[in-house]
Structure formats: structure tokens, C-alpha cells
Amino acid sequence: MLMSPPAPVASLEALENSQEFIPRHIGPDADEQQKMLAAIGKPSLDALIRDVMPDSIARARPMDLPPPITEAAALAELKAIASKNQVLKSFIGQGYYGTHTPGVILRNILENPAWYTAYTPYQAEISQGRMEALVNFQTMVTDLTGMPIANASMLDEATAAAEAMALARRSVKSRSHRIVLAGDLHPQTIEVIETRARPIGIEVVIANSQQEWDAALAGDLFAAVIQYPASSGWIVDWKADVQAIHAKQAAAIVATDLLALTLLTPPGEWDADIVVGNSQRFGMPMGAGGPHAAFMACRDEYKRSLPGRLVGVSVDVHGKPAYRLALQTREQHIRREKATSNICTAQVLPAVIASMYAVYHGPQGLKRIAQRVARLTAILSRGLARLGFSAHHHDTAFDTLSLHTRDATDALAARAVSRGVNLRKAWNEYLCISLDETTTRADVELIWSIFAQEGQALPTIEAMDEGPTSLIPESLQRSTAYLSHPVFNTHHSETAMLRYIRSLSDKDLALDRSMIPLGSCTMKLNATSEMIPITWPEFADIHPFAPASQLQGYAELDQQLRDWLCQATGYAGISLQPNAGSQGEYAGLLAIKAFHESRGQAHRNICLIPSSAHGTNPASAQMVGLQVVVTQCDDNGNVDMADLKLACEKHSANLACIMITYPSTHGVFETQVKELCQLVHSHGGRVYVDGANMNALVGLAAPGEFGGDVSHLNLHKTFCIPHGGGGPGVGPVCVVEDLVPFLPGHATAGDVRQVGAVSAAPLGNAAVLPISWMYIRMMGEPGLKLATETAILNANYISARLKEHFPTLYAGEYGHVAHECIVDLRHFKDSCGVMAEDVAKRLIDYGFHAPTLSFPVPNTLMVEPTESESLYELDRFIEAMIAIRAEIAEVEAGRLPRDDNPLKNAPHTAEALLAADWHHGYSRETAAYPVPALRRAKYWSPVGRVDNVYGDRNLFCSCVPMDAYED
Ligand SMILES: *Cc1c(COP(=O)(O)O)cnc(C)c1O
């Protein structure tokens, strides 16, 4: 290497380069970009973009964003915003509690890219670690609730309750349209259920007294929802009520608290049908409302219509236990509008954390934490009684007391705030106090001092620590064991815990090891500097229902992020409340529906969806009571305009909307998109543009400008929130001017609008919003635009380089793709029996996560490299694909049998390769080291090809008996 000449003296400005982050986010540098452009046959990036993107949709003007700044400057600016949040000690409860995230979990999971950059575990073989953690989560939920089966997370407790309503309606014999809610549910749960019930004609009856409850249960109903312990803290035995509900052929849905269930008789033991709740207090900070993993458990008969992801145990080709996603035929990507829910991205990372909290503490540790909370609550209660405030409800409680404070309520709450404490104001003249793991003796004494009159003697902890150790009624004290599986009883030293966490992440392939070129999923850089702020106490330790004056930092973050996203999308209004793309779709369709209703056109109920749409689109349409009409795509993969015209004419009077994806799920910029929007508008319909592919648009084109009325974004795709192994996500819903009044409100948090809450918390997964803020702030307009252009360049480079080996299925007018390309493998089925899945699994042997498999076209792979991948990594992937093509050729030529070749037998485990007998027509070396670089660094799949059918036939979704792993 030549020594580089001394650098010329640079200006101060150049030395303080404020655009330092842009090249760090973008993989290929300028030289590499030139090489790639040459391979595509384009003189410049501009020339490529001109030929890729139709002129007709180009932005009218650049995005108006603050100029890029450095990592350090962005962190400093965000810190100033964060410090406008006031971190008070919150005793608000209402579903959100203080918790200590064990350090070993914080650093090695929440802050560890091996966990947070992983994708949803569709490729089972490279996801065994996170699926084991999810099976632990499921086991934890089934054990604590006393139910037979639980899924791998829900978006939040309120949406879980709404999903439970939908599950009950599908499953029970009762044909009633009425659901009864106990008035003592968390108010946000009531609100989200009401939002969900309204468009599908479910009548919601809220019972605010025993009389109303008894009367409601005497009438007809298909389900009733109970909170146990109640939102006010009250604990009652619901056994007889559940029987009464069952007598009506209806379902009993119970919202509950996992920590309480370590001490309370679980709902499963009094025959509940569906149990939901939130695992937040198992180690996830409150984060102003999310992300947290909610859960759902149900009776065995309902399992085939359970919403959300479920991890099951199956076997691999060698007969060893292996995890994989179970019963996928329930889900939106297969069942579409008949799916059990629209949930796609869920809350995997928070579920992993909650499960690890249980692994770390074990049953004894959890019980001790719960007993301490219960005991402090009893002590607090006795002290308050001494001061003249008796807990309202029958003296039963786990962690929450509600006091009838009448007209002193506001004054007491204000006094609490002045002492640095938040209490919950409820039902106008009550104060509720919830204790948690973080509560100290000093906190209890402080609360007493708030309630004490001038001169009144304060009780002491010692004096009040007499009498019953908790306020849990004798008859409801838990007698059954839980978490007896060894996994919850083994890793209790930090060393053991650290190694357990590491052993799981070592099994998985995440972005910290290789590119994950998943079409439609945009697995790009999740920069460390973007992740740093999410655990700042100013963001993490905030209760979502703290007084607005304490949430000023979040308000500013919300406002700025919405302004910037409006710039990126061309829309007039945005809500960040939906906590996944699917939820953004749901909120967007609610807006369209409410708009039509507001104009006396409630009859508009037809939703056109092209056949290539993502499964969440039809599933979301079904949720709001729209009728899905599928329209065809033409031979080039574009929306068939003739077919669409016919559909518009046929359904003109009842047309509610169309849902399109742009650029299309085929990875192409359709040139007729403007025309398409005009056509739908001319029939009175609105245009929903699924924004999952915004990574091909930001800075170049804006859906709000070219004819879209509503979009959702996936901040966990385009805007750098990591996938977390399948969540959390954020799915902002964006609308044009006349739909702004129909964005979701949040009455529970004081924001009353025509459409109610779609998430439990007003800002949804608030705590991960700083990630997208940091990204936009560091990139600015030039960075974001270059990112988009580079994403398009990278996809076109792969498409061009693979052309001779694997043709790209669809291309635009000039033969180019957008930000992803569908690699066509369909002809190999006939030529040699090789399927796209075999190529996907063989890629694992080469150290890659497979591209998107069989979406949107069966038996193809969809490759989306994103802008973050360098030329080196792209070439490594291309070389792997070319080498695989040569392996296919061997099978085609008959040199290797169709059913015994490196593709069919992939992935190859070390164990299989080291076995004494090897009787395949190719060598072990070919199996393990098909390209030389693998000899230096190799990812070994921990299991062989997983048998999906076996797992669904023999459904098992809890921790595997330990001896199953021994030979
Ligand atoms: C990812 C995706 C969705 C769903 O988003 P989630 O955040 O997973 O709910 C919808 N449409 C398309 C095209 C997608 O790629």
C-alpha cells in the first residue's frame, strides 16, 4: 500500500463534518457505487433513478427537514428534549408498574444487537434461540394463568382484550352480538374494545355496579370481560360468574396480572376461557406505554383460532426437537381476510425480556417479589386507615388500593405531585395507589405523609407490619405450583444467566452477523446511537398516564417526528399510536370508514385489494367490517387496470377504498399509480397506500402527493427501529387533510375524537420513537434521499448480477426494479425438483438469512438488500447465489439425485457432518464449505431442516422436557 499524501489543511467546517452519519448508514461508498452503476450500465445514480422511478410521481419539492448533524450533536439535542419529561415516582398502576430490569438482561438482550436486530422467526433453523425464549414466555404465561395454551405475545393488554373479544365471537355457541364489560377494567381496555366493537356491530355493555353486572349476565351475551385483580385493586372470586357466563354459551375473558398470579388462584382454575394481560412489570420499563409484551392464553378448544404468533415444538430431519412457528394457517399471510387476526409484527423482544426475567428470578424469586409488594400494600393500607382513609373495596388487594377521597381528590393528587409522586385519579372522586417491585419503605412513608393532616402523627412501617401479610383473601390464595421446568430453576447466578442468554443468541442469525435481505421487511442498519436514548430514564421511566405536564418531552418528540414524517410522506396528519403496521392499517381503515359515515355514506363497505397484497391488508379490512374484493394483477405484476376499472364500476355505489402497496409488493414502480388513484376517487372511494415500501420512496416521491389518502408507515422497517426478532414495531397512520379528524384519539388520556383509541397507550410504543427521531435527525434530507437512492441501487445491482443465473420476475418500464427484486425459481421444480425453500435453507449453510420466501409469488425469493449493505456484503450474497445455482445445475444434470443433494439436505448441522457415516453423493466439504471464505468464519445451524407438518399434528407449545435433548 502506498502511503497517502498528507491531507491538505481543512477548514474548521470540514473538520466538524456534520454529515458524518450519512456514510456510516449507507453501505457502499462513492467508488463502490460507481462500480455497481457500471455493472447495471448506468452512468450515474441520477440516471438510474430517472429510469427507475416514473416522472409523474416525483416530489414537487424536497423534504423540509433540519440539516444533518453528528451523532453526538443529535444525542445532545434529544437529551434536551428528553429532559423536558419529568421523572416522578408513579404509583398510578392501571396496567403499568415500576420494575427493575436485571442488569444482565438489560445489557445482554435489550442493548444487544444479536437479539434486537433479529427478524421474525419464519426461518426456523436460524431462529432456535429466540424461539426457545418465546416458548419460555408461553410456558410462563400458561403456568401463571393456569391455562393450557398461550401465544408468543400480543401488542398490548387492551388490544389483547379486543382480540379476545374477536376470538370469543368466533368460538362460542352463543349467537348474541353483545359483550359485557366489568366497569372495573382498565379504562384504556374498555376504550380499545369499544373502538374495535363499533364497526363490526358488537354491542358493548359496561356494568358499573353489581346490579348492572347481574342484570347484564341475565341477558344475552357472547362474552364478558373481567379484570382480576380489578383496575381498582379489588379481588373477588369469579367462579360463579364464569358458570353463569358459560350457561349462556358465552366466553369468560379475564384480564389479569402475572405478578399477582404468583399468589392468586389463577383464572384457569376457575374455568376462564381466555386470559389476557401484560408482562411489562417483568423487567420492561414503562416507557410511556410501550413496547411491552401482552399475552393471550386460552382453552385448548380455541387454539386453532388463537390470534398472533405461537411457537411450537417439532422435530428436525434428524429427529431432534426443534422449534418453529406453529399453526401458521391461522395467520394473515395465509388466511388473508379469513385470518384469526391481522397481527404480523408483535412484541418479541419484550416477550424475550419478560421470559428472561422469569428465568432469572425463578418461581421463588417471583413469589418473593410479589409477596413483598403484597405486604407493603397491606402495610400501606393499615397506615392509611390509621390516617382516616380506608381502602374502598372490601379490604382485598394485591398491589392496588383505591381510596374514596371525594372532593379532596384533586388537592391530594396535586400534593402528591408536589412531593414527586404520581397517584391515579379515577372515577372522579377516587385515588388509586399501586405498588410495585421498586417501591421502598420510604415510598410508603412518603405516601402516608401526603395523606396526613397537619400535625397528624405518621404511622411507622414497623408498627403497621402487624396482622395479615397481604390483603389477598384466604380463599383465593394460590395453592398450585408454577414454573417448575428446569429452565426456570437453573440460571440463577449471573454467570449462568449470562451464558444462557449467550447460548441462545449464538443459535440465531441476526444483522450483527450478515445481511438479512428480506423483501418487504427492510432489514437495514439499526444504529447504536439510535438505540442509546431508549433506556434513558427520561424516556424509560415514564408512566403513560402521568399528568401531561410531565410528558412535555414526549409531546415534543411526537410533534417533531410527526412533522418530519409528514414531510416524508406528503400527508397532512399523522398519529403515532398504532404499535405495528397492521394496527396502522386498521386505524387507517377506521378513518376511511368514519369519513364515509360522516357524509351519510355508511353503506360504502367494499375494499378492493389487488391479489399481490400483503396478508395484513385483507385481514385489516375484515376487522373493520369491510368486504374484500380481490382484483387481478397483469402478466407484468402490475395492478390490472382493466380489471380494476370493472370492479370500480361494479361496486361504484358501495366503494369504500382500495388498498395498494407502492412501489408494489412485486418490487416495481407502477407507472399508472396516479391514474389508479384518480379512478378510485372518481367512484367516491379512498386510496390506502400500504407504506411498507417507503424505503423506495423517502425523498423521491410522497404517497400523499401522488394520490394516496391514507398510509401506514413501518418505523421498524424504513425508519430504523430494529425488528427485535418480531417486534416491537410502530405503525404510524398518515392521512390527507379531510381525514385528519378521523385519526385515532385516546379518551382515557383526555384526547377525545370521533375514532377512539387503537392502542392501550396514547403514544403506542412510545419508548422506541427516539430511534426514528435519531435516524431522521442525523440523516436530514440529503441523507434520507441518498439512502433511498442507494437502496434502489443495491437492489438493481443484485438483480443485474444475478440475471444470468436467476432471472428477476418483474421489472419496470426500463427493465429495472425498485428497492427489492423477486428472484424467480419456479422453473427448477420441473427441471430438478428444487424449490425456493431449498435455496432458502441452503443459504443458511452459506451463512445467510434467506430472503422473503414465497411472498408475494409462491416459490420465489424476494431480495431487499437495503442501503446499509456494502458492496462487499452484496457480492458475498451474489457469490453464494451463483454457487447455489451451480449446485442446482448438478441436480439438473442428473449428477446428484433430486432427493439427496446439498439443497434438499440443507441446512447441514455440524453433528450430521461429523457423524461416522456419510452416504451422500457429495462431500462433507461441499456441504459445509461450498465457498472458501466459510472456512474462516462459519455460522452453524443448530438444527437440521425442521418438520412443520409434524409440529402442527403434534402441537406442543411449552418448554420441552430436558431429556428430549439427550440421545
Ligand atoms: C410488514 C408489512 C405489513 C405489516 O406490518 P407489521 O408491522 O408487521 O404489522 C403490511 N404490509 C406490507 C407490504 C408489509 O411488508
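Residues numbered from 1 in each chain as written. Predicted model: local features only at pLDDT ≥ 70, side-chain atom pairs only at ≥ 80, totals over all residues. Heavy atoms only, no water.

## As for the pairing of strand S8 (residues 294-298)
Argument step 1. Burial analysis of S8 places 5 of its 5 residues in the buried class, the great majority of the element.
Argument step 2. Along S8, one buried face is formed by Ala294, Met296 and Cys298 and the opposite face, lined by Phe295 and Ala297, is buried too.
Argument step 3. The pairing of strand S2 (residues 149-150) with S8 spans 2 bridges and is classified as antiparallel. From the neighbouring strand, Ile149 faces S8, where its bridge partner is Cys298.
Argument step 4. One ladder, built from 5 bridges, connects strand S7 (residues 274-278) with S8; its direction is antiparallel. When the sheet's bridge partners are listed, Val276 is paired in S8 with Met296. (Buried < 20%, exposed > 50% of the residue type's maximum accessible area, 1.4 Å probe, protein only. Helix = DSSP H or I, 4+ residues; strand = E, 2+ residues; numbered from the N terminus. Pairing = 2+ DSSP bridges.)

## Let's talk about the site of the ligand
Argument step 1. Around the ligand, a shell composed of 14 residues is seen, among which Thr345, Ser520, Asp690, His716 and Lys717 lie nearest.
Argument step 2. Separating a nitrogen atom of the ligand from a side-chain N or O atom of Asp690 is a distance of 2.6 Å.
Argument step 3. Contact between the ligand and Asn714: an oxygen atom at 2.9 Å from a side-chain N or O atom of the residue.
Argument step 4. With the chains in place, 98% of the 380 Å² that the ligand exposes on its own is no longer accessible.
Argument step 5. The residue inventory of the shell around the ligand, partitioned by class, reads 3 nonpolar, 8 polar and 3 charged. (Near = heavy atom within 4 Å. Polar contact = N/O pair within 3.5 Å; in protein donor to acceptor, adjacent residues only side chain to side chain. Areas by Shrake-Rupley, 256 points an atom, 1.4 Å probe, with all protein chains shown as cover. Nonpolar A, V, L, I, M, F, W, Y, C, P; charged D, E, K, R; others polar.)

## Things to note about the domain arrangement of the protein
Argument step 1. Domain boundaries assigned for the protein yield domain 1 (25-85 + 571-787), domain 2 (109-360), domain 3 (362-476) and domain 4 (788-954).
Argument step 2. Between the C-alpha centres of domain 3 and domain 4 there is a distance of 60 Å. (Domains from an automatic or database assignment.)

## What about the UniProt feature "modified residue: N6-(pyridoxal phosphate)lysine" (unreviewed entry) in the protein?
Argument step 1. In the numbering used here, UniProt assigns the "modified residue: N6-(pyridoxal phosphate)lysine" (unreviewed entry) feature to Lys717.
Argument step 2. Within the element layout of this structure, Lys717 appears in the loop between strand S20 (710-712) and strand S21 (733-735).
Argument step 3. Excluding residues that lie within four positions of it along the chain, Lys717 makes contacts with Ser520, Cys521, Thr522, Lys524, Ala692 and His723. (UniProt positions renumbered as here; feature names shortened; annotations may be inferred. Contact = heavy atoms within 4.5 Å.)

## Description of empty space enclosed by the protein
Argument step 1. Counted by the stated rule, this structure contains 5 cavities of 30 Å³ or more.
Argument step 2. In this model, the largest cavity occupies a volume close to 200 Å³.
Argument step 3. Taken together, 22 residues line the largest cavity, and the ones lying closest to its centre are Leu110, Met284, Pro291, Ile534 and Val768.
Argument step 4. Among the residues making up the lining of the largest cavity, the classes are represented as 17 nonpolar, 5 polar and no charged.
Argument step 5. For the lining of the largest cavity, the two domains that each supply at least three residues are domain 1 (25-85 + 571-787) and domain 2 (109-360).
Argument step 6. Estimated volume of the second largest cavity: approximately 170 Å³.
Argument step 7. Lining the second largest cavity we find 19 residues, and of these Gly95, Tyr97, His186, Asp257 and Arg281 sit closest to its centre. (1 Å grid on protein atoms, 1.4 Å probe; cavity = no way out; pocket = protein on both sides within 12 Å on 5 of 7 lines; lining within 4 Å. Points joined across faces, edges and corners; volume = space filled by probe spheres on them.)

## Thoughts on the nonpolar core
Argument step 1. Judged by nonpolar contacts, the single largest core of 270 residues is most densely connected at Met140, Met356, Phe398, Ile433, Phe451, Tyr554 and Phe669.
Argument step 2. If you tally residues by element for this core, the top one is helix H14 (residues 348-386), at 20 residues.
Argument step 3. Those residues within four positions of Ile433 in sequence are excluded, and the remaining contacts are Phe91, Leu380, Leu384, Asp399, Thr400, Leu401, Leu403, Leu423, Ile447 and Phe451.
Argument step 4. Counting residues in each nonpolar core, the second largest holds 47 residues, with Ala158, Val172, Ile253 and Cys298 among its members. (Core = buried A, V, L, I, M, F, W, Y, C linked by side-chain atoms within 4.5 Å.)

## Considering the pattern of salt bridges
Argument step 1. According to the stated counting rule, one finds 43 salt bridges in the structure shown.
Argument step 2. For Glu111, the salt bridge is made with Arg107, and the minimal N-O distance between the two is 4.0 Å.
Argument step 3. Assessed through its relative accessible area of 59%, Arg107 is described here as exposed.
Argument step 4. A salt bridge links Arg299 to Glu301, with the nearest nitrogen and oxygen atoms 3.6 Å apart.
Argument step 5. Several salt bridges converge on common partners, so that one network encompasses Asp271, Asp273, Arg299 and Glu301. (Salt bridge = Lys/Arg side-chain N within 4 Å of Asp/Glu carboxyl O.)

## Here we look at the packing of helix H27 (residues 769-802) against helix H30 (residues 871-892)
Argument step 1. Look at H27 against H30: their axes get within 10 Å of each other, and the N-to-C directions meet at 30°. Relative to H30, H27 is oriented roughly parallel. Our pair here, H27 against H30, has a crossing hand that is right-handed. Across the interface between the two elements, Asn794, Tyr797, Ile798, Arg801 and Leu802 of H27 pack against Leu871, Leu874, Asp875, Phe877, Ile878, Met881 and Ile882 of H30.
Argument step 2. Split into classes, the residues belonging to the contact of H27 with H30 amount to 9 nonpolar, 1 polar and 2 charged. (Axes fitted to C-alpha atoms, helices over the stretch in contact; angles between N-to-C directions. Parallel < 35°, antiparallel > 145°, perpendicular 65-115°, else oblique. Left-handed = near helix turned anticlockwise from the far one by under 90°.)

## Things to note about the packing of aromatic side chains
Argument step 1. Following the criterion strictly, the structure yields 18 aromatic pairs and no others.
Argument step 2. Centroid distance Trp918 to Tyr922: 5.7 Å. Interplanar angle 90°. Geometry classified as edge-to-face.
Argument step 3. Here the aromatic residues Trp536, Phe539 and Tyr554 are joined through ring pairs into a cluster of three or more.
Argument step 4. Positioned over the ring face of Phe595 is Arg686, at 4.6 Å from the centre of the ring.
Argument step 5. Across the ring face of Trp940, the terminal group of Lys938 is positioned such that the distance to the ring centre comes to 4.9 Å. (Phe/Tyr/Trp six-rings, centres within 6.5 Å; stacked < 30°, edge-to-face > 60°. Lys NZ or Arg CZ within 6 Å of the ring centre and 35° of its normal.)

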